[in-house]
Amino acid sequence: MVVTEVAILKLKKNYNPTALSTAIKTALPIQDAWVARHQPAIRRVGRQQTDAYIDANTDISSAIYLIAPWASPEGHWEWIRSEENGKANAALGPFLTTENDPVLLFHLESAGDTKDFTSLS
């Protein structure tokens, strides 16, 4: 089942935007290389596997939103357990807060017209 990952990573207050941009530019190519080697069927040719967005709403809390397609939730978990994911997380880790569930992760399935959702629980 093809899914879309949505991960919300909460940022520390007063992060350096330039350094965060560099960290994202370090982390995402690590994932691209891993996908090309381990799950080439889902590879997004000509673009990064993950789209990254920054919500700089300092009134609430800033966050990075990561959005990526995966062949299945299990395929995504394979990436999460990988050594390369640890390296990507090491680049982003200094910017993330450790307070109050700093990472939210969802796997979304398309609600298109041809789907039968009666069997989902």
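Before reading further, recall that the structure is shown in the block above.
These figures come from a predicted structure and were not determined experimentally.

**Q** Summarise the sheet that holds strand S1 (residues 3-10); cite the residues concerned and give the values.
**A** On the basis of which strands lie adjacent, the open sheet formed by four strands has the order S2-S3-S1-S4 and antiparallel pairing. Looking at the sheet topology across the chains shown, the edges are occupied by strand S2 (51-55) and strand S4 (103-108). Strand-to-strand twist in this sheet, taken as the mean axis angle between neighbours without regard to direction, amounts to 15°. Taken strand by strand, helix H1 (residues 17-38) contacts S2 and strand S3 (63-70), and its axis lies near 15° from that of S3.

**Q** Just give me the short version of the pattern of salt bridges, but keep the residues and values in it.
**A** Considering all chains together, one arrives at four salt bridges under this definition. One salt bridge connects Glu-84 with Arg-37, and the closest N-O pair in it is separated by 3.0 Å. Residue Glu-84 is found in helix H3 (residues 83-92), and its partner Arg-37 is found in helix H1; the two are separated by 47 residues along the sequence. Glu-83 is the salt-bridge partner of Lys-87, the closest N and O atoms lying 3.7 Å from each other. Placement of the pair is Lys-87 and Glu-83 together in helix H3, with a separation of four residues, close to one helical turn. Assessed through its relative accessible area of 47%, Lys-87 is described here as partly exposed. Classification of Glu-83 by relative accessible area gives exposed; the value is 60%.

**Q** Run through the environment of Ala-91, naming residues and quoting values.
**A** As for its placement among the helices and strands, Ala-91 is situated in helix H3. Sequence separation between Ala-91 and Lys-25 is 66 residues; the distance between their C-alpha atoms is 9.3 Å. The residues touching Ala-91, leaving out its near neighbours within four places in the chain, are Ala-23, Thr-26 and Ala-27.

**Q** Explain the side chain of Asp-51 to me, using residue names and the numbers behind them.
**A** For Asp-51, the location among the structural elements is in strand S2. Apart from the residues within four sequence positions on either side, Asp-51 is in contact with Arg-44, Tyr-65, Leu-66 and Ile-67.

**Q** Talk me through H1; I want residue IDs and the actual numbers.
**A** Look at H1: 32 Å from first C-alpha to last across 22 residues, which is about the 32 Å you get at 1.5 Å a residue. Among the residues of H1, those classed as buried are Leu-20, Ala-23, Ile-24, Ala-27, Leu-28, Gln-31, Trp-34 and Val-35. Down the axis of H1, the buried set is contained in an arc of 125°. They therefore lie on one face. Turned more than 90 degrees away from the buried face of H1 sit Thr-18, Lys-25 and Arg-37, all of them exposed. Those residues of H1 hidden inside the fold are in contact with S2, S3, helix H2 (73-80) and H3.

**Q** Which residues make up the environment of Lys-10, and what values do they have?
**A** Counting through the fold element by element, Lys-10 comes out in strand S1. Since its relative accessible area comes to 23%, Lys-10 is described here as partly exposed. Taking the C-alpha atoms as reference points, Lys-10 and Ser-62, 52 residues apart in sequence, are found 6.1 Å from one another.

Reading guide: rules and limits
- Residues numbered from 1 in each chain as written.
- Predicted model: local features only at pLDDT ≥ 70, side-chain atom pairs only at ≥ 80, totals over all residues.
- Heavy atoms only, no water.
- Pairing = 2+ DSSP bridges.
- Helix = DSSP H or I, 4+ residues; strand = E, 2+ residues; numbered from the N terminus.
- Axes fitted to C-alpha atoms, helices over the stretch in contact; angles between N-to-C directions.
- Contact = heavy atoms within 4.5 Å.
- Salt bridge = Lys/Arg side-chain N within 4 Å of Asp/Glu carboxyl O.
- Buried < 20%, exposed > 50% of the residue type's maximum accessible area, 1.4 Å probe, protein only.
- Expected span 1.5 Å × (residues − 1).
- Arc of directions from axis to C-beta.

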